[in-house]
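Observations on the model geometry
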Amino acid sequence: MRFFVAIVLFVVALASGGLGLAQRTVLAPPDAVTSDLQLSSTAPVTVIDGAALNAYEGSQTITITGGVEAPETTAAPAEPGDAAEGDAAEGDASEGDTAEGDAADVVTQTDAVAVTYGRTVDVIGWVGEAAYTLITLDAETGELVAQAVRGSENQVPSPLGSDLWFGEFEGDGDLGITLNVPADVSLLVVSDGTLPAPQSYTVTWPLDASTPYSGWLILGGIAFMVLGFGALLWALFHWRRQRGPRRKTPRMPKAPRPSRYRPTRPRAAIARPKGRRAIGRSMVVPALAISSALTLGACTADGVMTIGPSPTPSASEVVDEPVTPPIAVNERQLERIVARIGDRIAQADADLDAELAATRMAGPALELRQASYAIRAEDSDLGALPAIPVGNVEVALPQQTDIWPRTVFAVVEDADDETLPPLAMILIQDDPRSQYKVHYAVTVVPGNPFPDSPPASIGTARLPADTTLMSVIPQEIAPAYAELLLEGAEAEGAALFDLDSDVLIEQIGAGAKAERADSLPETAEIAFSNALGEGETIVLATADTGGLVTAYIIETETVTPIQDGAAVNASGAVQALSGVEQSTDGIVARYGVQLLFYVPPLGSDAPVLLLGYTQGLISASEVS
């Protein structure tokens, strides 16, 4: 029986160790899943759906092969006498049609590959009306499949450099990238925007090929092997003892002792194994139990690698969660956008290039920049505006939306000079293929605290200018403030504003205008007027249900002579922009005032607070 126990232990050791080794070798799961797709599409764009990329857990390695061939039609050589050398005859065929024998097909090839990735809604928005190929994953076969989506456009611009993307890649020939994107992020692939997009795609997902129980099984096999050798030695030792002499020297009988009476207590019956076979059985049963537990444990769900797409939860397993609207940009995107804007405007400022500035500015901000360039072209010491800081984005407040136009509010500090006040900007993207442009760029008023804003990951809502959810209707703020600048505390809407913290009133308010009028000679007079500018009133909700509100006011100064033969003189920026040094008719100067206010929520008694402003000359001319 002892030999039988040793044999069982050896068998268990071999089974456990063999299974452990097999899990690491012949039974080891694959370490990756790869799916290939070869297209035959003429669409200029290919979109790889984010849900397909997330068919398996972990990162995704995408290999895209360029080398797109497309035929171009060129005219065949003309017969002698048909046309002079180098001249081309105009044909009557429609565009793209050629007469048989009059044209030849020349194959051109491009290896260019451009890949960008962003939110799926942004990718589809950028594609727009263009035809494209959508790559998804077949849930049953686990293979990539392609679907052609028709469109009215056969050409697209380069997607590289767009503010929409989280990242972008470009290369020639084969391009391999490794990403780990969520299901709502997709890839956009083009060649040069005219030729068909690359046709060959390979996606590889790494799998968890670990075998957590193989080590325990191998250790268990070693342990059972040691026990087996122990049982074998025990059996051999017992066997040798049994082969010796069995007779024993008889002993003399002893005289019986007188018995003594002792009371006995009842004892519970104790089951004891009988014979030597019970000992063997008691060792076999635990060995079999342990080996069965290890073997079955290695086959549990935790130790088996499932090869296949991630299962979709059933309807009963899906828990309703509040859906947060998507935001226009995340913080990393906004930092990159602000850096790009700063670099572009810095280049435009250095070159006095208004067209270049228009690629990243619009509205009131661009109008002031264009006037500054015109002034500096006449006198480089005048009209300079603060640069767009490229530094820390202290406040990021993107709009909650998945349509266009999109609005983003940002407060940026200069990383090189912390003594400069921060700049608050309103950025607007008109459509998916446009870049974000600065519409308002206002200097933050020191000491006036900004209201609490929602987290950048949540964003905020852009409200209509006539919303009644605040203490003052936003579209009424600009007219009231324009009146306040002219009439001072006597204005009808003066009580709406916090006059004590308003530093702009000290500079261009009613008191400053009176001092300006007193400084003129008796031969001239000055008239002031205010009007609403063409800048859009933008309202973004804050965390306390109040709002950030922009306004644009045009202040006009008209200086005219009031005596016969008198004239008025222009100087500084007004002279540089108008080109007039002296006029007997008078001079008109218009100043643009960009404003940023905080409007308290409905029911609050707090006044409207000026958070920032930028004021500058935008035009000057002689009175006509």
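Residues numbered from 1 in each chain as written. Predicted model: local features only at pLDDT ≥ 70, side-chain atom pairs only at ≥ 80, totals over all residues. Heavy atoms only, no water.

On to the overall build of the protein chain, then. Broken down by element type, the protein chain carries twelve helices and 24 strands. Counting across all 624 residues of the protein chain, residues that qualify as buried make up 41%. When the accessible surface of the protein chain is split by element, carbon and sulfur atoms take 52% of a total near 35,300 Å². (Helix = DSSP H or I, 4+ residues; strand = E, 2+ residues; numbered from the N terminus. Buried < 20%, exposed > 50% of the residue type's maximum accessible area, 1.4 Å probe, protein only. Areas by Shrake-Rupley, 256 points an atom, 1.4 Å probe, with all protein chains shown as cover.)

Let's shift gears to the confidence of the model for the protein chain. Of the residues in the protein chain, 77% reach a pLDDT of 70 or more, and the chain-wide mean stands at 83. Counted against residues more than four places away or in other chains, residues 70-108, with its pLDDT under 50, gives 26 contacts. Taken together, the stretch residues 314-319 has pLDDT below 50 and engages in one contact with residues farther than four places along the chain or on a different chain. (pLDDT = per-residue confidence, 0-100. Contact = heavy atoms within 4.5 Å.)

For the rest of this paragraph, the subject is the packing of aromatic side chains. Counting across every chain of the model gives eight aromatic pairs. Centroid distance Tyr117 to Phe169: 6.2 Å. Interplanar angle 15°. Geometry classified as stacked. You can see Tyr117 sitting in strand β6 (residues 112-119) and its partner Phe169 sitting in strand β9 (residues 167-172), a full 52 residues away along the chain. Under the relative-accessibility criterion, Phe169 is labelled partly exposed at 28%. (Phe/Tyr/Trp six-rings, centres within 6.5 Å; stacked < 30°, edge-to-face > 60°.)

Regarding helix α9 (residues 477-487), the residues found buried are Ile477, Ala478, Ala480, Tyr481, Ala482, Leu484 and Leu485. Buried positions along α9 lie against α10 (503-508), α11 (510-518), β18 (524-532), β20 (547-561), β23 (587-599) and β24 (609-622). Once α9 finishes, Gly488 follows within two positions and takes phi at roughly 75°, a positive value.

This part is about the pairing of strand β2 (residues 45-48). Strand residues, when the strand is regular, have side chains that alternate between the two faces of the sheet. Here β2 shows a buried face lined by Val45 and Val47 and a second buried face lined by Thr46 and Ile48. For β2 and strand β7 (residues 132-137), the ladder comprises four bridges, and the chain directions are parallel. Residue pairing across strands places Val45 opposite Tyr132, the latter belonging to β7. Sheet topology note: the β2/strand β11 (residues 185-190) ladder contains four bridges and is antiparallel. Counterpart to Val45 in the pairing with β11 is Val190. (Pairing = 2+ DSSP bridges.)

Moving on to the side chain of Glu557. Along the polypeptide, Glu557 turns up in strand β20. Judged by relative accessible area, Glu557 falls into the buried class, the value being 16%. Ignoring any residue separated from it by four or fewer positions in sequence, one finds Glu557 in contact with Arg516, Ile526, Ala527, Phe528, Ile587, Val588, Ala589 and Tyr591.

Turning our eyes to something else, we now look at the sheet that holds strand β10 (residues 174-179). Note: strands within a sheet are paired through backbone hydrogen bonds, in either parallel or antiparallel orientation. Across the sheet, which stays open at both edges, the four strands sit in the order β1-β12-β3-β10 with antiparallel pairing between neighbours. Only two strands of the sheet have a single partner each, and these edge strands are β1 (32-38) and β10. Between one strand axis and the next, the sheet turns by 15° as a mean value, whatever way the strands run. As paired elements, strand β3 (residues 60-65) and β10 share six bridges and run antiparallel to each other. (Axes fitted to C-alpha atoms, helices over the stretch in contact; angles between N-to-C directions.)

Now for the environment of Pro405. Structurally, Pro405 is set in the loop between β13 (392-398) and β14 (406-413). Expressed as a C-alpha distance, the spacing of Pro405 and Gln429, which sit 24 residues apart in the sequence, is 5.4 Å. Discounting residues that sit within four places of it in the chain, Pro405 has contacts with Gln399, Ile428, Gln429 and Asp430.

Time to look at the packing of helix α6 (residues 331-351) against helix α8 (residues 363-378). Two quantities define a packed helix pair, namely the angle between the axes and the distance from one axis to the other. Their axes nearest at 10 Å, the elements α6 and α8 cross at an angle of 30°. The angle between α6 and α8 places the two elements in the roughly parallel class. On the side of α6, the interface is formed by Ile345, Ala348 and Asp349, while α8 contributes Arg369, Tyr373 and Arg376. For the contact of α6 with α8, the per-class residue count stands at three nonpolar, no polar and three charged. (Parallel < 35°, antiparallel > 145°, perpendicular 65-115°, else oblique. Nonpolar A, V, L, I, M, F, W, Y, C, P; charged D, E, K, R; others polar.)

The next subject is empty space enclosed by the protein. Inspection of every chain in the model, using the stated rule, returns one cavity of 30 Å³ or more. Of the pockets and cavities examined, the largest cavity occupies roughly 120 Å³. For the largest cavity, the lining is made up of 13 residues, of which Leu368, Arg369, Pro386, Ala441 and Thr614 are closest to its centre. Of all the elements in the fold, those that place two or more residues in the lining of the largest cavity are α8 and β16 (437-444). (1 Å grid on protein atoms, 1.4 Å probe; cavity = no way out; pocket = protein on both sides within 12 Å on 5 of 7 lines; lining within 4 Å. Points joined across faces, edges and corners; volume = space filled by probe spheres on them.)

Moving on to the pattern of salt bridges. For the structure on display, the rule yields nine salt bridges. Note that Asp122 and Arg406 form a salt bridge whose closest N and O atoms lie 2.7 Å from each other. Of the two residues, Asp122 is situated in helix α3 (residues 120-127) and Arg406 in strand β14; the sequence distance between them amounts to 284 residues. For the pair shown, Asp122 and Arg406 are each scored as buried. Several salt bridges converge on common partners, so that one network encompasses Arg119, Asp122 and Arg406. (Salt bridge = Lys/Arg side-chain N within 4 Å of Asp/Glu carboxyl O.)

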